[in-house]
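# Notes for the structure review
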Amino acid sequence: MSVHQAVLIPGDGIGPEVTAAAKRVLIAAEAPVAWMERQAGIAALERGRDLMPEETIEEIRRCGVALKGPCTTPVGGGFTSVNVQLRKKLNLYAAVRPVRNLRGVPTRFDGVDLVIIRENTEGLYSGVENQVTDGVVMSMKVATEVACTRIARWAFRYANRRGRRKVTVFHKANIMKVTDGLFLRCSRMIHEQEYPNIEYQEMIIDAGCMKLVQDPTQFDLLLLENLYGDVVSDLCAGLVGGLGVVPGANIGDELAVFEAVHGSAPDIAGKGVANPLALLMSAVMMLNHLADTCKDESCRAAAERIKSAYDRALADGRKTRDLGGDLGTEAFADALIERL
Ligand code: ATP
């Protein structure tokens, strides 16, 4: 059995707690992964490194995959966001966030099963901001035909492969006619020319958010530009139990970095109460990605073991506090390990 090298970035806030718990579960599940631990975020700054050390970037290039805890970017001081740097430097242009009900986590809606595909490299998160004059600042929303076409093609191909029937683009092209207009044109073009078999729908984002909270089961795959994808991901997390249960992946043509949708949660950091499930589910996505790209079914088997363990633990009422339970981070990891 071959062992896959993967970078592990503990990150900041609750990051070290949830990555340690997830790592323990993966080891107990005999996932064929060897961890190369590297730093990013405040944790890197505190060790005298850059916020996003080149060495960490290089190690991800070498290994091909990483599991990343949330990283904090200090406010002020001119730092470029860790996540923005990582996604741009490694060209991880597609963020994938599956949003599903979990057995044992009752929520307002049953049957939620949608996936968010977010463009990860441009839009208002391009970081082109400046002071025009005293008291006047501006931020530039960048959209390129290359990146809009690339993410649309990626989203439709994903839908096609995974049996998703409908792609819905959320936009604000009625106001941002040029930038969101380009995003729409590229999405339409890919739909018409390459995937006419998949249903295609456009929705102004404010109306789309209302429909999401009224009945999320009407959506299948949501395709969004960067900022909209960020905001709508948290909204959708709220539909299925919160940020503790939504995993994610940032994927490029060669590399992939897996991370939970949630941030560093400074309000609960260091208290041992964070839910490690979102990061663990991200690790499951990583194992399935390795199974697909390296044709290694032992990765898929480990992913299945972990999934079955957390399904059973939740069904038995073994949950962290954010889901209405009373377990801490480590106790929840123990509950999974007992069920492996
Ligand atoms: P950032 O700016 O890094 O995104 P934030 O505080 O704005 O940080 P999150 O870190 O995502 O956003 O946290 C939002 C809320 O969700 C907080 O109240 C936090 O405690 C809660 N939360 C986030 N992740 C988890 C988790 N894994 N387990 C339990 N609660 C969580």
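Parameters and conventions
Residues numbered from 1 in each chain as written. Predicted model: local features only at pLDDT ≥ 70, side-chain atom pairs only at ≥ 80, totals over all residues. Heavy atoms only, no water. Helix = DSSP H or I, 4+ residues; strand = E, 2+ residues; numbered from the N terminus. Rg over C-alpha atoms; globule rule 2.2 N^0.38 Å. Buried < 20%, exposed > 50% of the residue type's maximum accessible area, 1.4 Å probe, protein only. Contact = heavy atoms within 4.5 Å. Lys, Arg positive; Asp, Glu negative; His and termini not counted. Charge placed at Lys NZ, Arg CZ, Asp CG, Glu CD. Domains from an automatic or database assignment. Buried area = accessible area lost by both parts, 1.4 Å probe. Polar contact = N/O pair within 3.5 Å; in protein donor to acceptor, adjacent residues only side chain to side chain. Nonpolar A, V, L, I, M, F, W, Y, C, P; charged D, E, K, R; others polar. Pairing = 2+ DSSP bridges. Near = heavy atom within 4 Å. Areas by Shrake-Rupley, 256 points an atom, 1.4 Å probe, with all protein chains shown as cover. Core = buried A, V, L, I, M, F, W, Y, C linked by side-chain atoms within 4.5 Å. Axes fitted to C-alpha atoms, helices over the stretch in contact; angles between N-to-C directions. Parallel < 35°, antiparallel > 145°, perpendicular 65-115°, else oblique. Left-handed = near helix turned anticlockwise from the far one by under 90°. Arc of directions from axis to C-beta.

## Brief notes about the overall build of the protein chain
- Assigned secondary structure in the protein chain consists of 11 helices and 12 strands.
- Against the compact-globule benchmark of 20 Å for 340 residues, the protein chain has a radius of gyration of 20 Å, which places it among compact chains.
- Considering only C-alpha atoms, the protein chain reaches an extent of 55 × 45 × 40 Å along its principal axes.
- Within the protein chain, buried positions represent 55% of all 340 residues.
- Long-range pairs, those at least 24 residues apart, make up 74% of the contacts in the protein chain between residues at least 6 apart in sequence.
- Computed over 40 positive and 43 negative side-chain charges, the inter-centroid distance for the protein chain is 2 Å.

## Brief notes about the domain arrangement of the protein chain
- One can read the domain layout of the protein chain as domain 1 (1-95 + 245-340) and domain 2 (108-239).
- Between domain 1 and domain 2, the C-alpha centre-to-centre distance is 25 Å.
- With 13 residues of domain 1 in contact, the opposing surface of domain 2 contributes 15 residues.
- Contact between domain 1 and domain 2 buries roughly 1,200 Å² in total, counting both sides, with carbon and sulfur atoms accounting for 55%.
- In this assembly, domain 1 and domain 2 are joined by six residue pairs in polar contact (both at pLDDT 80 or more).
- Ranked by residues supplied to the side of domain 1 that touches domain 2, first place goes to helix α4 (residues 82-89) with three residues.
- By residue class, the composition of the side of domain 1 that touches domain 2 is eight nonpolar, two polar and three charged.

## Examining the pairing of strand β2 (residues 33-37)
- Summarising the sheet, strand β1 (residues 4-9) and β2 pair through five bridges and their orientation is parallel. Looking across to β2, one finds that Leu8 is bridged to Glu37.

## Considerations on the environment of Ser2
- With respect to the helices, strands and loops of the structure, Ser2 is situated in the segment before β1.
- In the structure, Ser2 is positioned 30 residues away from Pro32 in sequence and 6.9 Å away in space, judged by C-alpha atoms.
- The residues touching Ser2, leaving out its near neighbours within four places in the chain, are Pro32 and Asp296.

## Comments concerning the site of the ligand
- Residues in contact with the ligand, as listed here, are Ile14, Leu243, His262, Gly263, Ser264, Ala265, Pro266, Asp267, Ile268, Ala274, Asn275 and Asp322.
- Contact between the ligand and Asp267: an oxygen atom at 2.8 Å from a side-chain N or O atom of the residue.
- In isolation the ligand exposes 610 Å². Once the protein is present, 60% of that is buried.
- Of the residues belonging to the shell around the ligand, the class tally is six nonpolar, four polar and two charged.

## Thoughts on the nonpolar core
- Counting residues in hydrophobic clusters, the biggest one holds 93 residues, and the most contacted among them are Ile117, Leu222, Leu223 and Val232.
- Among the elements that make up this core, the one with the highest residue count is helix α9 (residues 277-294) (11 residues).
- There are two domains that each give this core at least three residues, and those are domain 1 (1-95 + 245-340) and domain 2 (108-239).
- Not counting the four nearest positions on each side in its chain, Ile117 is found in contact with Ala95, Val96, Ile151, Trp154, Ala155, Tyr158, Leu221, Leu222, Leu223 and Leu224.

## Things to note about the packing of helix α1 (residues 15-28) against helix α11 (residues 329-339)
- It is at 10 Å that the axes of α1 and α11 come closest, and there the two elements cross at 15°. Considering their axes alone, α1 and α11 lie roughly parallel with respect to each other. Relative to α11, the crossing made by α1 is right-handed. In contact with Glu17, Ala21, Arg24, Val25 and Ala28 of α1, α11 contributes Thr329, Glu330, Ala333, Asp334, Leu336 and Ile337.
- Tallied by class, the residues present in the contact of α1 with α11 amount to six nonpolar, one polar and four charged.

## Focus: the side chain of Thr19
- Looking at the element boundaries, Thr19 is found in helix α1.
- Using a relative accessible area of 3% as the deciding quantity, one classes Thr19 as buried.
- Reaching out from Thr19, the side chain makes a polar contact with the backbone oxygen of Pro16 at a distance of 3.2 Å.
- Excluding its chain neighbours within four sequence positions, the residues that come into contact with Thr19 are Leu8, Ile9, Pro10, Gly69 and Leu279.

## With respect to helix α7 (residues 205-214)
- Taken residue by residue, α7 has Ile205, Gly208, Cys209 and Leu212 as its buried positions. The buried residues of α7 occupy an angular sector of 100° when the element is viewed end-on, so they sit on one face.
- Where the residues of α7 are buried, they touch β5 (113-119), β8 (166-171), β9 (199-204), β10 (221-224) and α8 (226-239).

## Regarding the sheet that holds strand β3 (residues 65-68)
- Pairing in this open sheet of 10 strands is mixed, and the strands run β2-β1-β3-β12-β11-β4-β5-β10-β8-β9 from one edge to the other. In this open sheet, the two strands that pair with only one neighbour each are β2 and β9. Strand-to-strand twist across the sheet, computed as the mean angle between neighbouring axes with direction ignored, equals 25°.
- With respect to the sheet, helix α3 (residues 54-63) is in contact with β1, β2, β3 and β12 (256-258), its orientation differing from that of β1 by roughly 155°.
- Of the strands in this sheet, β4 (94-100), β5, β8 and β10 touch α8, which is tilted by about 155° from β5.

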